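Structural features, examined
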Amino acid sequence: MAGFFITFEGGEGVGKTTQTKLIADKLRGLGHDVITTREPGGTPLGEKIRSILLKGDVDKMEPMTEALLFTAVRNDHVNQVIKPAVQSGKIVICDRFFDTTSAYQGFAHGLGIDRMEELYKLSVGDFKPDLTIIFDIAHDKSHGILTEMNRFENMGDEWLSKGAQGFREVAKLHPERCVLMDSVGTIDEVSSRIMKIINEKLGL
Ligand code: TYD
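What counts and what doesn't
Once a new chain begins, its residue numbering starts again from 1 and follows that chain's sequence as written. Note on the predicted model: pLDDT of at least 70 is required for a residue's local features to be given, and 80 or more for side-chain atom pairs to be given and counted; whole-chain, interface and lining totals, by contrast, use all residues. The side-chain numbers reported here are obtained from all heavy atoms of the structure, hydrogens and water having been left aside. Two aromatic rings from Phe, Tyr or Trp, using only the six-membered ring of Trp, form a pair when their centres are within 6.5 Å; if the ring planes differ by under 30 degrees the pair is stacked, by over 60 it is edge-to-face, and anything between is tilted. What counts as a helix is a DSSP run of H or I of at least four residues, what counts as a strand is a run of E of at least two, and both are numbered from the N terminus. Type-normalised accessible area, obtained with a 1.4 Å probe on protein chains alone, sets the label of each residue: buried when under 20%, exposed when over 50%, and partly exposed for intermediate values. Here, over-ring charges are defined by two tests on the NZ atom of lysine or the CZ atom of arginine: distance to the ring centre within 6 Å, and angle to the ring normal within 35 degrees. Comment: axis = line fitted to C-alpha atoms, over the contacting stretch for helices; angle = value between 0 and 180 degrees taken between N-to-C directions. Throughout this description, any angle smaller than 35 degrees is read as roughly parallel, any larger than 145 degrees as roughly antiparallel, any in the 65 to 115 degree range as roughly perpendicular, and the remainder as oblique. Definitions for this section: a left-handed crossing has its near helix turned counterclockwise from the far helix by less than a right angle. A right-handed crossing has that turn clockwise. For this analysis, residues touch if any pair of their heavy atoms sits within 4.5 Å. Following the grouping adopted for this structure description, the nonpolar residues are Ala, Val, Leu, Ile, Met, Phe, Trp, Tyr, Cys and Pro, the charged ones are Asp, Glu, Lys and Arg, and the polar ones are all others, Gly among them. Throughout this description, the term nonpolar core refers to a set of buried Ala, Val, Leu, Ile, Met, Phe, Trp, Tyr and Cys residues connected via side-chain atoms within 4.5 Å. Residues are labelled near a given molecule or strand when at least one of their non-hydrogen atoms is within 4 Å of it. The definition of a polar contact used here is a pair of N or O atoms within 3.5 Å, where within protein one atom must be able to donate a hydrogen and the other to accept one, and adjacent residues in sequence count solely through side-chain atom pairs. Each accessible area is a Shrake-Rupley result for a 1.4 Å probe, and residues are judged covered by the shown protein chains and nothing else.

1. Considering the packing of aromatic side chains
Here the structure, examined in full by the defined rule, presents ten aromatic pairs. Here phenylalanine 5 and phenylalanine 97 contribute two aromatic rings whose centre-to-centre distance is 5.0 Å and whose plane-to-plane angle is 85°, an arrangement assigned as edge-to-face. With a gap of 92 residues between them, phenylalanine 5 in strand 1 (residues 4-10) and phenylalanine 97 in the loop between strand 3 (91-95) and helix 4 (98-108) connect regions that are remote in the sequence. The residues phenylalanine 5 and phenylalanine 97 share a single accessibility class, namely buried. Through a chain of ring-to-ring contacts, three or more aromatic side chains come together here, namely Phe5, Phe97, Phe98, Tyr120 and Phe127. Between the NZ or CZ atom of arginine 74 and the centre of the ring of phenylalanine 97, over which it lies, the distance is 5.4 Å. Here the guanidinium or amino end of arginine 151 rests over the ring plane of phenylalanine 152, the centre of that ring lying 5.1 Å away.

2. Here's the deal with the packing of helix 2 (residues 44-54) against helix 3 (residues 63-87)
Packing of helix 2 against helix 3 brings their axes to within 9 Å, and their N-to-C directions diverge by 160°. If you check the angle between helix 2 and helix 3, you find them roughly antiparallel. At the point where helix 2 passes helix 3, the crossing takes the left-handed sense. Judged by residue contacts, Leu45, Gly46, Ile49, Ile52 and Leu53 of helix 2 engage Glu66, Leu69, Phe70, Val73 and Asp76 from helix 3. Here the contact of helix 2 with helix 3 is composed, by residue class, of seven nonpolar, one polar and two charged.

3. Some points on the nonpolar core
Counting residues in hydrophobic clusters, the biggest one holds 22 residues, and the most contacted among them are Leu27, Ile133, Ile194 and Ile198. Residues in contact with leucine 27, not counting those within four places in the same chain, are His32, Val34, Ile91, Ile93, Met195, Ile198 and Leu204. Within the second largest apolar cluster, 19 residues are counted, among which are Ile49, Leu53, Val73 and Trp159.

4. Looking at the site of the ligand
Around the ligand, a shell composed of 17 residues is seen, among which Glu12, Phe70, Arg96, Thr101 and Gln105 lie nearest. Between the ligand and the protein, one listed contact pairs an oxygen atom with a side-chain N or O atom of lysine 16 at 3.3 Å. Burial of the ligand by the surrounding chains reaches 90%, relative to a free accessible area of 550 Å². Sorting the residues of the shell around the ligand by element identifies helix 1 (16-29), helix 2, helix 3 and helix 4 as the ones contributing at least two each. For the shell around the ligand, the element with the highest residue contribution is helix 4, accounting for four residues. Broken down by class, the residue content of the shell around the ligand amounts to five nonpolar, five polar and seven charged.

Here it is as structure tokens:
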């Protein structure tokens, strides 16, 4: 029996990474076989490209170059890690996936959400997450857990607010798999909220 592919998406400093680990543990506690992964990254090649993407000057590369590099990482990651795990019955939780490309490169950088979705289809095909939880938070209300800032976090508040808006557009476009979730609250409150969504949507 196939497993499930769940993605966590949203702006900066919204607690996705903490929740990825916590939710994986909760699902393991219920007897599921769970792996966690992230983008950009997830494979040795992906982790190398991650450091090219996240380090250095804000304007060191063209938006389309960025989009193509994220897409290259994704192709490697889906084929080598995510798909085989889901096909063998595991639950895969991925901290960011292609909706970030739509929100950030597509909407915030202005390349177009539709074009980023075409790029995804070209590289990955019809394989999609079963459930995408978008952590919504006003950018100025982020939990303040940004420590060492990456290239994207250095793009400025206006750009990051646009990214957050991009995620809301994505949620509107794909109501069948996306849930826009309020991410304000304690770690426990948010994780209970996520478990409730996972239970309602996937019956886990
Ligand atoms: P990361 O440290 O994982 O950020 P976070 O903890 O906020 O998830 O860095 C990933 C950065 O890469 C993040 O700022 C968003 C950016 N990004 C894109 O711009 N496009 C993409 O497709 C992906 C996957 C990430």
